[in-house]
Amino acid sequence: MQHAVGSPLPPPHQPGQGPHAGWASAAHHAGPHPGGAQSPAPGPPPPGFPAPPPSVPPASHQPPAPSGPVPPVSHQPPAPSGPVPPPAPQPHVSGPPAPDTTGHVPLPPGGPVGALVAPPAAAAVPDPAATTLAVLLIGPAGAGKTSVAKYWADHRRVPTAHISLDDVREWVRSGFADPQSGWNDNSEAQYRLARRTCGFAARNFLANGISCILDDAVFPDRPVVGLGGWKRHVGPGLLPVVLLPGLDVVLERNAERSGNRRLTDEEVARIHGRMAGWYGSGLPIIDNSQLDVAGTAQVLDEVLARAMASPPSW
């Protein structure tokens, strides 16, 4: 039996063991043994007998020398003869749970938008076109809220979303409570639901660094359709701005509408008269009677810059 060079030799077989049990230990381990007694040298033959042939030295149990170059002795332990056991499983260390996500966009922490803080006196005038903001555009039907909000969102240097409460209300198809049919419990419930949905969407956008502008016909004399709900759902950092052109302008714009967005002239005049209650409220008011959409959006930026420098209390 051969063994790899450098590997330890197996222990000698004992009598009665090994593949040939009849072998004697002396026959199996012939030859001199270090530290053991030496056999006496054979004497001369008696007279008349031939001399015995010269004795051949017993074969050594050392492995034959390799015919090629001898590889260097490896100091690695011998490979196990049996199957290698699998590594012991590592203990699982539980870490904090991963934050809930929607696709690659994380959900907001759920808190409302904080109130704006006036910058120091020596600070530069903030640029509303490059700042993440939440704006609420208020006005009667025909004031141009939706057109101005879309244009303003389209032309900012930072990502901006437009959220229209009328659009969200009309997500309800079957069973839509049209305010033109009368303001009742059903229309009020759908309005509250749409406002809460708009507020949740605005907080989602703002939590991910996307500004938003919302538009709604908020009445100053009706708490149900008032600023309190917007402040509660979006947060005190919301900046309300009122668009209030003259009555003749809103009547003309209303005449260009169709479907349930078009109101009667009497209803438009009644809403416009109630919106006049915003004068003296402290909210910024833009009379866009002589302004186009782009001009109104530019004035809106100027109003927002002043509101950021000196946040209104509402």
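Bear in mind that the values here come from a model prediction, so they are computed numbers and not experimental data.

*Asks:* Tell me about the overall build of the chain, and name the residues and values.
*Replies:* From N to C terminus, the chain includes eight helices and seven strands. Split into buried and exposed, the 314 residues of the chain put 29% on the buried side. When the accessible area of the chain is evaluated, it comes to approximately 20,100 Å², of which 60% is carbon and sulfur surface.

*Asks:* Got a sec to walk through the pattern of salt bridges? Specific residues and values, please.
*Replies:* Working definition: two side chains of opposite charge can pair if their charged atoms are close together. By the definition in use, this model includes five salt bridges. Arg270 is the salt-bridge partner of Glu267, the closest N and O atoms lying 2.0 Å from each other. With Glu267 and Arg270 both in helix H7 (residues 265-275), this residue pair falls three residues apart, about one helical turn. Residue Arg270 is classed as partly exposed on the basis of its relative accessible area, which comes to 46%.

*Asks:* Could you give me a rundown of the pairing of strand S3 (residues 134-138), with the residues and numbers involved?
*Replies:* Of all the five residues making up S3, five are buried; the element is thus mostly covered by neighbouring parts of the structure. Across the two faces of S3 the burial is the same, with Ala134, Leu136 and Ile138 and Val135 and Leu137 all buried. Taken together, the five bridges between S3 and strand S5 (residues 211-216) define a ladder with parallel strand orientation. Bridge pairing in S5 links Leu137 to Asp215. For S3 and strand S6 (residues 239-243), the ladder comprises four bridges, and the chain directions are parallel. Considered in S6, the bridge of Leu137 is made with Val241.

*Asks:* I'd like a rundown of the sheet that holds strand S7 (residues 285-286), residues and numbers included.
*Replies:* Strand order in the open sheet formed by five strands is S4-S5-S3-S6-S7, and the pairing between neighbours is parallel. For this open sheet the edge positions go to strand S4 (160-164) and S7, each flanked by a neighbour on one side alone. As paired elements, S6 and S7 share two bridges and run parallel to each other. Bridge assignment links Val242 to a residue of S7, and that residue is Ile285.

*Asks:* Account for the packing of aromatic side chains, with residues named and values stated.
*Replies:* Counting across every chain of the model gives zero aromatic pairs. Of note, Arg274 hangs over the ring of Phe219, and the distance from its end group to the ring centre comes to 4.3 Å.

*Asks:* Go over the pairing of S5 with me, naming the residues and quoting the values.
*Replies:* Across the six residues of S5, six count as buried, placing the element largely inside the fold. The alternating pattern of S5 places Ser211, Ile213 and Asp215 and Cys212, Leu214 and Asp216 on opposite faces, both of which are buried. Bridge analysis of S4 against S5 gives five bridges, and the strand direction is parallel. From the neighbouring strand, Ala161 faces S5, where its bridge partner is Cys212.

*Asks:* Any chance you could break down the packing of helix H2 (residues 145-154) against helix H8 (residues 293-309) for me, citing the residues and the numbers?
*Replies:* Orientation of H2 relative to H8, taken along the N-to-C sense of each, is 70°, at an axis distance of 9 Å. On the basis of the axis angle, H2 is roughly perpendicular to H8. Seen from H2, the contacting residues are Ser147, Val148, Tyr151 and Trp152; seen from H8, they are Val293, Ala294, Thr296, Ala297, Leu300, Asp301 and Leu304. The residue inventory of the contact of H2 with H8, partitioned by class, reads eight nonpolar, two polar and one charged.

*Asks:* So what's going on with the side chain of Ser187? Which residues, and what values?
*Replies:* Here Ser187 shows up in helix H4 (residues 185-207). Beyond its immediate stretch of four places on either side in the chain, Ser187 contacts Ala177 and Gly182.

*Asks:* Could you give an account of the nonpolar core, naming the residues involved and the relevant values?
*Replies:* In terms of nonpolar packing, the biggest core is built from 30 residues, with Leu136, Ile138, Cys212, Leu214, Trp230 and Trp278 touching the most fellow members. Listing elements by their share of this core, those giving two or more residues are S3, S4, helix H3 (165-169), H4, S5, helix H5 (227-233) and H7. The dominant element in this core, judged by the number of residues it contributes, is H4, at five residues. Those residues within four positions of Ile138 in sequence are excluded, and the remaining contacts are Lys145, Asp216, Val218, Leu227, Pro240, Val241, Val242, Leu243, Met275, Trp278 and Leu283. If you look at the next biggest cluster of nonpolar residues, it comprises 19 residues, including Ile213, Val241, Leu304 and Ala307.

*Asks:* Can you tell me about the packing of helix H6 (residues 247-255) against H7, naming the residues and giving the values?
*Replies:* Packing of H6 against H7 leaves a shortest axis separation of 10 Å and a crossing angle of 140°. In terms of their interaxial angle, H6 and H7 are classed as oblique. Here H6 runs over H7; the crossing is right-handed. Here Leu247, Val250, Leu251 and Asn254 of H6 lie close against H7, whose contacting residues are Asp265, Val268, Ala269 and His272. When the residues that make up the contact of H6 with H7 are grouped by side-chain class, the tally is five nonpolar, two polar and one charged.

*Asks:* Just give me the short version of the confidence of the model for the chain, but keep the residues and values in it.
*Replies:* For the chain, the mean per-residue pLDDT works out to 75, and 59% of the residues sit at or above 70. Contacts for the low-pLDDT stretch residues 16-39, under 50 throughout, to residues beyond four places or in other chains number 14 contacts.

About the criteria used
Residues numbered from 1 in each chain as written. Predicted model: local features only at pLDDT ≥ 70, side-chain atom pairs only at ≥ 80, totals over all residues. Heavy atoms only, no water. Helix = DSSP H or I, 4+ residues; strand = E, 2+ residues; numbered from the N terminus. Buried < 20%, exposed > 50% of the residue type's maximum accessible area, 1.4 Å probe, protein only. Areas by Shrake-Rupley, 256 points an atom, 1.4 Å probe, with all protein chains shown as cover. Salt bridge = Lys/Arg side-chain N within 4 Å of Asp/Glu carboxyl O. Pairing = 2+ DSSP bridges. Phe/Tyr/Trp six-rings, centres within 6.5 Å; stacked < 30°, edge-to-face > 60°. Lys NZ or Arg CZ within 6 Å of the ring centre and 35° of its normal. Axes fitted to C-alpha atoms, helices over the stretch in contact; angles between N-to-C directions. Parallel < 35°, antiparallel > 145°, perpendicular 65-115°, else oblique. Contact = heavy atoms within 4.5 Å. Nonpolar A, V, L, I, M, F, W, Y, C, P; charged D, E, K, R; others polar. Core = buried A, V, L, I, M, F, W, Y, C linked by side-chain atoms within 4.5 Å. Left-handed = near helix turned anticlockwise from the far one by under 90°. pLDDT = per-residue confidence, 0-100.

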